[in-house]
Amino acid sequence: MLEKALWISPRGDAGDGAVCFRRRFQGAPGEKATLTVSCLGVYDAYLNGRRVGDFILAPGCTEYEKRLQAQTYDVSDMIQAENELIVTVGKGWHRSRMIAKREGLYHAPCALIARLDMDGQMIVTDEAWEAGPSNVIFSDIWDGETCDATLPETVYGSVRTVDWPRDILISQEGPFVKEQERLSPRSVFVTPRGETVIDFGQEITGYVEIMLSAKKGDRVVLSCGEMLDRDGNFYNENYRKALSRMTYVCRDGKQTWKPRFTFYGFRYIRVDEWPGEASPDCFQAVALYSDMERTGFLRTANEKLNRLIENTLWSQRGNFVDIPTDCPQRDERMGWTGDAQVFCKAACYHYNAKQFFEKWMGDLRADQRADGSIPDTVPNFWLIQRSSAAWGDVMTVLPWRVYLMYGDKKILEQNFEAMKGWVDYITGDTLEKNLWIGPDDSSIMWQKHYGDWLALDAAEGSYHGATPNDLIASAFYAHSANLLVKAGKALGRDMAEYEALHERIRAAFLQRYPAAAMTTQTALVLALVFDLTDDKPGAAARLNRMIRENGNRLKTGFVGTPHLLYALSENGYADTAYDLLLQEAYPSWLYEVNHGATTIWEHWDGMKEDGSFWSTDMNSFNHYAYGAVADWLYSAAGGIRPDEEAPGFARAVIAPIPSPRIQSLEAEYKSVHGTIRSKWTNTRDGVRYEIATPVPAEIIIDGKRHSVTPGSYIFYSEAAKG
Ligand code: BGC
């Protein structure tokens, strides 16, 4: 693509600043025209002073060495007789500090490639273009942006062509990242330490737009934070090495400014420098995220639960900025595969995430190594060599989930070989056949597997929960082999070999890890949900007892938590599942809500009961992993599930699980075949269900099955127990 266009660069070193590329040309007003652009960095394009398209941070984030998206915009209504096209290129992810280990990318030149196709002419990037410095003198994904509005107009000079591969260019695959919600400050206040702080009342990912009157040279400096400390002071030590600052040097008069080439994760802004008094109407927070259709809605009669649901949504928004990230604020913002693996199910209910994930699966495949292993972050900006269980398994879990939710076989076709590659990798990586064993590295901090990351049964000072890595890895080996078999069968392939493999793994697991000998919540959860025990009632009873004896509290981390409520509710302990869901004491989802959370925390004890913080070295307050609980609310509490035999909700299973502890709960999912609704209400006479389905469905109420045609239905059952 972009035939005939050349990569162009300014003659001097662009440093940390953004560079303007300019091309003037003549045209005929109204003529048909399309502009296709990509760059090494991120760009925005203006044609005759008007912004082209609304993609922020274009061309997006991909495994740049192999895949670089280009966007095509229809600019027909923008062409005049005399035209000026200016494309400004900032460092973006491509040349940002976060990618410094990928030296080849990090040290890439600031470069643009573009092509304008009009009725009678074609303009491509070449030596006829000019380039010069913009007033964005610094931009970096982690560190923020500095704009000096006092600088004179750009002085343009000649460009050079650079030799950069063109075969990496692909058409836009994902949804555009766009400006979404705008939030006004909830308050502006002075902390005990004397800092002026703005509270937007909601943690978001994006930036702040400022509006002010100033004198030339006045400075604005804003710092980002997620939390106030227990004394009410601004706190952002948990951002670690990410400076996350917005700096603006004013010109004379009234002006508006916002960063253009980076993003921030924040709820609070500390006003470090500001001319005069900072009043609330000078600030607006702008949320940025990939543009997806909202498809899921959950409403309950419990306000705290509603806030939790809202938090899972905001954590999705804040971490779906072109790639699924762990967090949007500190010096990471990486496509951690494990986090996406656990949250993808919830994500596909809340929003139509098909296109978003299809694009990222392209990066997963691009990053898959020859031996089938998947790096723990994708794109692999940190050159991570490890391939952890439950992280790399995103390669089987995600395609299967996206297929189930949207019913598009193409997803499986595109990813089948990669899914197989992952399972084969495990087969070749173990010290013991039919399990995933080794290496024995439990004494070191950075083990091959992350285990039940951040679980509360971890030894003091460790991130790894108490569930043995080998057990988790072997359970996921079984799970991935099983999903591969299902995918293959859906594609009509002969999967006998992998079916036999799955059976062997299961048998080996059962022998090595009998549920009766399991000592952690997560081990039992995996045995139950991955069908790795012949004694489900016994395993479930044990799990239930562990939770009850722990005061109705969980101990699970990244691996166990997403499946915990299912392991209970699918095995006769829905009441315990609800007790965990509605638990307010530490550790619990509602503990976070009670402590003012507006997004999902990375740690159950991100903020401790006394208001102090968990260590600064790993303490994000916007990490969606535990937000996976939202999928249980849709698919178990509300009961809206895809039918594996008719994926994409061509048929539905609707099996709500009411609880006497919540007056009512309503789940709604806009599937590709129409909107499914499931509501239950506790009444004096029992539970009343209102269900609407646009597709044939199997409705299961109180264990009784009803096969129904599309329509609206009311059911009653006896009072919910628990
Ligand atoms: C990230 C996680 C990630 C983990 C791997 C962390 O630094 O923030 O969410 O999955 O590393 O262990």
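A separate point is the sheet that holds strand β34 (residues 704-708). Where strands meet in a sheet, backbone hydrogen bonds hold them as pairs that are either parallel or antiparallel. Strand order in the open sheet made by the four strands is β28-β29-β33-β34, with mixed pairing throughout. Two strands in the sheet have a free side with no partner beyond their single neighbour: β28 (640-642) and β34. When the angles between neighbouring strand axes are averaged without regard to direction, this sheet yields 20°. Alignment of strand β29 (residues 652-654) against strand β33 (residues 697-701), held across three bridges, turns out to be parallel. What sits directly across from Ala 652, in β33, is Ala 697.

Around the ligand, the neighbouring residues are Asp 326, Arg 330, Glu 332, Trp 336, Asp 339, Trp 391, Tyr 450, Trp 453, Phe 558, Glu 602, Met 618 and His 623. Asp 326 places a side-chain nitrogen or oxygen 2.7 Å from an oxygen atom of the ligand. Here Glu 332 contributes a side-chain N or O atom positioned 2.6 Å from an oxygen atom of the ligand. For the ligand, whose accessible area on its own is 310 Å², the fraction buried by protein is 98%. Residue composition of the shell around the ligand, by class: six nonpolar, one polar and five charged.

Another point: the pattern of salt bridges. Per the stated rule, a full pass over the model turns up 56 salt bridges. Taking the shortest distance from any N to any O, the salt bridge between Arg 182 and Glu 209 comes out at 3.1 Å. You can see Arg 182 sitting in strand β15 (residues 177-183) and its partner Glu 209 sitting in strand β17 (residues 196-214), a full 27 residues away along the chain. With a relative accessible area of 37%, Arg 182 lands in the partly exposed category. Between Arg 330 and Glu 332 there is a salt bridge whose closest N-O contact spans 3.1 Å. In this structure, Arg 330 and Glu 332 share a single accessibility class: buried. Linked by salt bridges that have partners in common, Arg 240, Asp 326, Arg 330, Asp 331, Glu 332 and Glu 602 make up one network.

An ideal rise of 1.5 Å per residue puts 30 Å on 21 residues; helix α6 (residues 409-429) measures up with 30 Å between its terminal C-alpha atoms. At Asn 415, α6 shows its maximal bend, which comes to roughly 50°. Residues Ile 411, Leu 412, Asn 415, Phe 416, Ala 418, Met 419, Gly 421, Trp 422, Val 423, Tyr 425 and Ile 426 constitute the buried set of α6. Buried positions along α6 lie against α4 (354-367), α5 (394-406), α7 (469-490) and α8 (496-512).

With that settled, the discussion passes to the nonpolar core. Core analysis: the largest hydrophobic core is formed by 241 residues, its most contacted members being Trp 93, Phe 283 and Phe 357. For this core, the element with the highest residue contribution is α7, accounting for twelve residues. In this view, Phe 357 contacts Phe 320, Pro 324, Cys 344, Ala 347, Cys 348, Leu 398 and Val 402; residues no more than four positions away in its chain are not counted.

Okay, the packing of aromatic side chains next. Following the criterion strictly, the structure yields 40 aromatic pairs and no others. Arranged with centres 6.5 Å apart and planes meeting at 35°, the rings of Tyr 713 and Phe 715 form a pair that is tilted. Take Phe 715: its relative accessible area is 13%, and that puts it in the buried class. Linked through ring pairs, Trp 336, Trp 382, Trp 391, Tyr 450, Trp 453, Tyr 463, Phe 558, Trp 589, Trp 604, Trp 614 and Tyr 626 together constitute an aromatic cluster.

Analysis parameters
Residues numbered from 1 in each chain as written. Predicted model: local features only at pLDDT ≥ 70, side-chain atom pairs only at ≥ 80, totals over all residues. Heavy atoms only, no water. Pairing = 2+ DSSP bridges. Helix = DSSP H or I, 4+ residues; strand = E, 2+ residues; numbered from the N terminus. Axes fitted to C-alpha atoms, helices over the stretch in contact; angles between N-to-C directions. Near = heavy atom within 4 Å. Polar contact = N/O pair within 3.5 Å; in protein donor to acceptor, adjacent residues only side chain to side chain. Areas by Shrake-Rupley, 256 points an atom, 1.4 Å probe, with all protein chains shown as cover. Nonpolar A, V, L, I, M, F, W, Y, C, P; charged D, E, K, R; others polar. Salt bridge = Lys/Arg side-chain N within 4 Å of Asp/Glu carboxyl O. Buried < 20%, exposed > 50% of the residue type's maximum accessible area, 1.4 Å probe, protein only. Expected span 1.5 Å × (residues − 1). Bend = angle between axes of the 7 residues up to and from the residue. Contact = heavy atoms within 4.5 Å. Core = buried A, V, L, I, M, F, W, Y, C linked by side-chain atoms within 4.5 Å. Phe/Tyr/Trp six-rings, centres within 6.5 Å; stacked < 30°, edge-to-face > 60°.

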